[in-house]
Every structure is written in C-alpha cells, then in structure tokens.
Amino acid sequence: MEVADSNLAELLAIKEAMMIFSGSGWANTHELIIESDSTNAIKWVLHPQNSPWKWRKFIAQIELLKNGKYKCQFSHVLRENNEVADGLAKAGVSRTVDYIAVYNS
C-alpha cells in the first residue's frame, strides 16, 4: 500500500506494531510502549472521538487492538529524541518487503 499522508503512515505503523505484538509471546508477559513523533497520531489514538472521519477506519482497528489482552501505552516524543525509529521509517519508505527490528534496552 502506498501511503502519501504522514498521519496515515503513523496510524498504519501503530496498527502494525500492535498487530505484531499481539501475536507474539511478549503480549502475555510485557507491556507495549508506542512512541511517536506525530502529535496527531498519539492524540487520535488516545482520544479516538477527536480523529478525522477519513482515518476512523484505522482508529477503530487500533481501538480493537487496544482492548486486547495486553497492556499498551502511547506517548509523544520529539523526532530528535527518536532517531532510531526515524531512521528506520526513512529507510522503510522504499522497501518492498516488511522489516522487523527488535531492540532490547
């Protein structure tokens, strides 16, 4: 799917991360922490009623995932403080296959 809107790209990335996490063994033992430099995406995920109608389909899918069996928190971070994710996002724009990276801190 080609994405031309940065808000949609952020929402799709959040949804994809949640889907991957929910299908992993970590969902039973860990909390998912999603950080995004998109103020809009975080605001809409936390307050779905304030999201634009054109993104409600994706927000509804995220809401279903939020109500899953695992804990999840969302926070806004400045792009400068999220360099690894920003670099992966830029590299992923031209990828034709999915890429998953796992970082342990």
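Above this note sits the structure.
Residues numbered from 1 in each chain as written. Predicted model: local features only at pLDDT ≥ 70, side-chain atom pairs only at ≥ 80, totals over all residues. Heavy atoms only, no water.

**Q** Give me the overall build of the protein chain: which residues, what numbers.
**A** Along its length, the protein chain carries four helices and two strands. Order of helices (α) and strands (β) in the protein chain, N terminus to C terminus: α-β-α-α-β-α. When the 105 residues of the protein chain are sorted by exposure, 29% land in the buried category. Of all intrachain contacts in the protein chain linking residues separated by at least 6 positions in sequence, the fraction that spans at least 24 positions is 67%. Of the roughly 7400 Å² of accessible surface on the protein chain, a fraction of 53% belongs to carbon and sulfur atoms. (Helix = DSSP H or I, 4+ residues; strand = E, 2+ residues; numbered from the N terminus. Buried < 20%, exposed > 50% of the residue type's maximum accessible area, 1.4 Å probe, protein only. Contact = heavy atoms within 4.5 Å. Areas by Shrake-Rupley, 256 points an atom, 1.4 Å probe, with all protein chains shown as cover.)

**Q** Tell me about the side chain of Ser38, and please be specific about residues and values.
**A** Position of Ser38 relative to the elements: it lies in the loop between strand E1 (32-36) and helix H2 (39-46). Side-chain polar atoms of Ser38 contact the backbone nitrogen of Ala41, separated by 3.0 Å. Sequence-distant contacts of Ser38, defined by excluding residues within four places in its chain, comprise Asn7, Glu10 and His76. (Polar contact = N/O pair within 3.5 Å; in protein donor to acceptor, adjacent residues only side chain to side chain.)

**Q** Tell me about the pairing of E1, and name the residues and values.
**A** Here E1 shows a clear split, with Leu32, Ile34 and Ser36 buried on one side and none of Ile33 and Glu35 buried on the other. Examined bridge by bridge, E1 and strand E2 (residues 72-76) share five bridges and lie parallel to one another. Following the sheet pairing, Ile33 is matched in E2 by Gln73. (Pairing = 2+ DSSP bridges.)

**Q** Kindly report on helix H1 (residues 6-22), identifying the contributing residues and their values.
**A** In a regular helix each residue adds 1.5 Å, so 17 residues correspond to 24 Å; H1 covers 24 Å between its end C-alpha atoms and thus fits that length. Buried within H1 we find Asn7, Leu8, Leu11, Leu12, Ile14, Lys15, Met18 and Phe21. Tucked inside the fold, the buried residues of H1 contact E1, H2, helix H3 (56-66) and E2. A distance of 2.7 Å separates the backbone nitrogen of Asn7 from a side-chain oxygen at the start of H1, and that oxygen is part of Asp5. (Expected span 1.5 Å × (residues − 1).)

**Q** I'd like a description of the nonpolar core, backed by residues and values.
**A** Counting 20 residues, the largest nonpolar core has Leu11, Ile14, Met18, Tyr70 and Phe74 as the members making the most contacts within it. Looking at this core, the elements with two or more residues in it are H1, E1, H2 and H3. For this core, the element with the most residues is H1, which contributes six residues. Those residues in contact with Tyr70 that lie beyond four places of it in its chain are Met18, Phe21, Ser22, Ala27, Leu32 and Leu65. (Core = buried A, V, L, I, M, F, W, Y, C linked by side-chain atoms within 4.5 Å.)

**Q** Break down the pattern of salt bridges for me, with residues and values.
**A** In total, this model carries one salt bridge according to the counting rule given. Here Lys66 makes a salt bridge to Glu63, at a shortest N to O gap of 2.8 Å. With Lys66 and Glu63 both in helix H3, this residue pair falls three residues apart, about one helical turn. Using a relative accessible area of 22% as the deciding quantity, one classes Glu63 as partly exposed. (Salt bridge = Lys/Arg side-chain N within 4 Å of Asp/Glu carboxyl O.)

Without other data, these values stay purely geometric and don't point to any function.
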